[in-house]
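# Remarks on the overall topology
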Amino acid sequence: MAKRDYSLIGPDGARAVETGLAAAEWYHTDVPRKVMKELMQRSDAPAIRDTILLYGLMVLFAAIGIALWPSWWSAPFWLAYGVLYGSASDSRWHECGHGTAFKTPWMNDVVYQIASFMIMRNAATWRWSHARHHTDTYIVGRDAEIAIMRPPAFAKLILAFVGIPDVIAFVPRVIQNAVSGPTAEERTFVPQSEWGKVQRVALVHVAIYAATIALAIWMGSILPLMVIGLPRLYGAWHHVMTGLLQHGGLADNVIDHRLNSRTVYMNPISRFIYWNMNYHVEHHMFPMVPYHALPRLHEAIKHDLPAPNRSIAEGFAEMWPALRRQLAYEDYFLRRDLPPTAKPYREDFHRDALGTQPAVE
Amino acid sequence: MPTWIRACATDDIDEEDLIRFDHAGATYAIYHSPDGKFFATAGLCTHENVHLCDGLVMGHLIECPKHNGQFDYRTGEAKRAPVCVNLRTFPVKVDGDDVYIEVA
């Protein structure tokens, strides 16, 4: 395959549309309607409990951090606060963006706006980019949320653990959005009716950051930025760690989530921060199932999926060598075996994508 | 000329649920509301070509299974992003145990 062009207005995207890879019908495991209806049911209770816990812990850790500032004794509390701010906000943005976290729509919307601000994403733009991510998951030139492009840029990946590439991309973009609305690329997936909203959201974000910076200058201290803004850097590591595992080292340009997504068993703390998105094949196959029902969905369909990785460490041990191999051979990807109970991958659908992988795995 | 077509039996659809109905190359969604009434809309989401029959009925809303956009299936009104374009609706009548929809 020729070198990949990840631009949303480039030739790979146009080719995906021509060949039918874009907006294609994806493989789904058969689940009885009655079971699926039960799994899709919404509830406010789990997300209210988790949200009170999340914001309560954030207030507690920030309060202790401020009280102990500038002593180094405050550091552990900032690190804990940072992970909740800079990583848990990613999963809250994600689940509330889908509208599945809470049953009550306004609760989804409120947490979505707060989380979008904390994770430095324009709430209006990213709702649409994520819709595209689900339509065209890891279709090159179509998916705006491909975290690891090929060949992998390892320096950028490592810097992402402290949020640097995201913040570097965010700052000029939020200013541009505030001045003139969505960029040319964003206009490929954000409907025109929403362009004004993109600009308004950006103006709110810029105003909050400007006020925080002004307060820091007035106080002669970075303390306000330790609370707002900087945690997106010093607390990003967990969402990057879990996020890279979602699709890293797996196939692109296929229409079977078993080939391009990864489910990883995780510890309870990571699952709280990540809101169960470790069940990522399940989430992509059935995005209407709320986070709290994903473990049950996993039990219902695991007979049709590749075996999950048993830990974050095992996931990285599988993914990292594959990424390194993609440095030399861009088309390489991990093709995981299916259990005997699973329906096979549809080779006819994926011949172009799968036919070029090397024999050795 | 509008024609009434039998779509299903009344007990083919649970309350607060829907089924898919294909006819003459077109696909429709037939709904059984929580208050016992029947409705019909186009079967594909207006955002992407996704069959609504795999979605979730919540009261009088149908949620698309792919992107979680929502419509009021009584009027077809788009209620939640990413859907922006309303869904086409079709007249429905119940005759005995059968549900009919009027197609053009």
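The rules behind these values
Position labels on residues start from 1 in each chain and follow its written sequence. Chains carry letters from A onward and ligands carry numbers from 1 onward, assigned in written order. Confidence filtering applies because this is a predicted model: local features only for residues at pLDDT of at least 70, side-chain atom pairs given and counted only at 80 or more, and all residues used for totals across whole chains, interfaces and linings. Heavy atoms throughout the structure, all of them, feed into the side-chain values; hydrogens and water do not. Secondary structure elements are defined from DSSP: runs of H or I of at least 4 residues count as helices, runs of E of at least 2 residues count as strands, and each element is numbered from the N terminus. As a reference, a globule follows 2.2 Å times the number of residues to the power 0.38, and the radius of gyration itself is taken over C-alpha atoms. The contact criterion used throughout is that any non-hydrogen atoms of two residues lie within 4.5 Å. In short, Shrake-Rupley with a 1.4 Å probe defines the accessible areas, and a residue's cover is counted only from the protein chains shown. Charge assignment in this entry is limited to Lys and Arg as positive and Asp and Glu as negative, and neither His nor the chain termini are counted. The atoms used to mark charge sites are NZ of Lys, CZ of Arg, CG of Asp and CD of Glu. When DSSP finds at least two bridges between two strands, those strands are taken to pair. Axis angles are defined between N-to-C directions and span 0 to 180 degrees, where every axis is a line fitted to C-alpha atoms and, for a helix, only to the segment in contact. Any carboxyl oxygen of Asp or Glu within 4 Å of a side-chain nitrogen of Lys or Arg constitutes a salt bridge here. Each residue is placed in one exposure class: buried if its accessible area under a 1.4 Å probe, protein chains only, is under 20% of its type's maximum, exposed if it is over 50%, and partly exposed if it falls in between.

With that settled, consider the overall build of chain A. Within chain A one finds 18 helices and zero strands. What you see for chain A is a C-alpha radius of gyration of 21 Å, in line with the 21 Å of a compact globule of 361 residues. Contacts in chain A between residues at least 24 apart in sequence constitute 70% of all its contacts with a sequence separation of at least 6. A total of about 15800 Å² of accessible surface is found on chain A, and carbon and sulfur atoms cover 67% of it. Both charge centroids of chain A, one from 34 positive and one from 32 negative side chains, sit 4 Å from each other.

Residues and elements named next belong to chain B. What the three strands build is an open sheet, ordered E1-E11-E10; its pairing is antiparallel. The two strands at the open ends of the sheet, each matched to only one other strand, are strand E1 (3-9) and strand E10 (92-95). Averaged over neighbouring strand pairs, the angle between their axes works out to 35° when direction is ignored. Bridge analysis of E10 against strand E11 (residues 98-103) gives four bridges, and the strand direction is antiparallel. By the bridge assignment, Val94 is partnered in E11 with Val99.

On to the pattern of salt bridges, then. Taken as a whole and assessed by the stated rule, the structure comprises 26 salt bridges over all chains. Here Arg42(A) and Glu63(B) are joined by a salt bridge, their closest N and O atoms 2.5 Å apart. With Arg42(A) in the loop between helix H2 (33-40) and helix H3 (45-68) and Glu63(B) in strand E6 (residues 61-63), this pair bridges two chains. For Arg42(A), a relative accessible area of 9% translates into the label buried. The partner of Asp166(A) in a salt bridge is Arg232(A), with the nearest N and O atoms 2.7 Å apart. Of this pair, Asp166(A) sits in helix H8 (residues 164-180) while Arg232(A) sits in helix H11 (residues 231-234), and the two are 66 residues apart along the sequence. When its relative accessible area of 33% is taken as the criterion, Asp166(A) is described as partly exposed. Its relative accessible area of 2% is what places Arg232(A) among the buried residues. When salt bridges that share partners are traced, they join Lys3(A), Arg4(A), Arg150(A), Asp252(A), Glu330(A) and Asp331(A) into one network.

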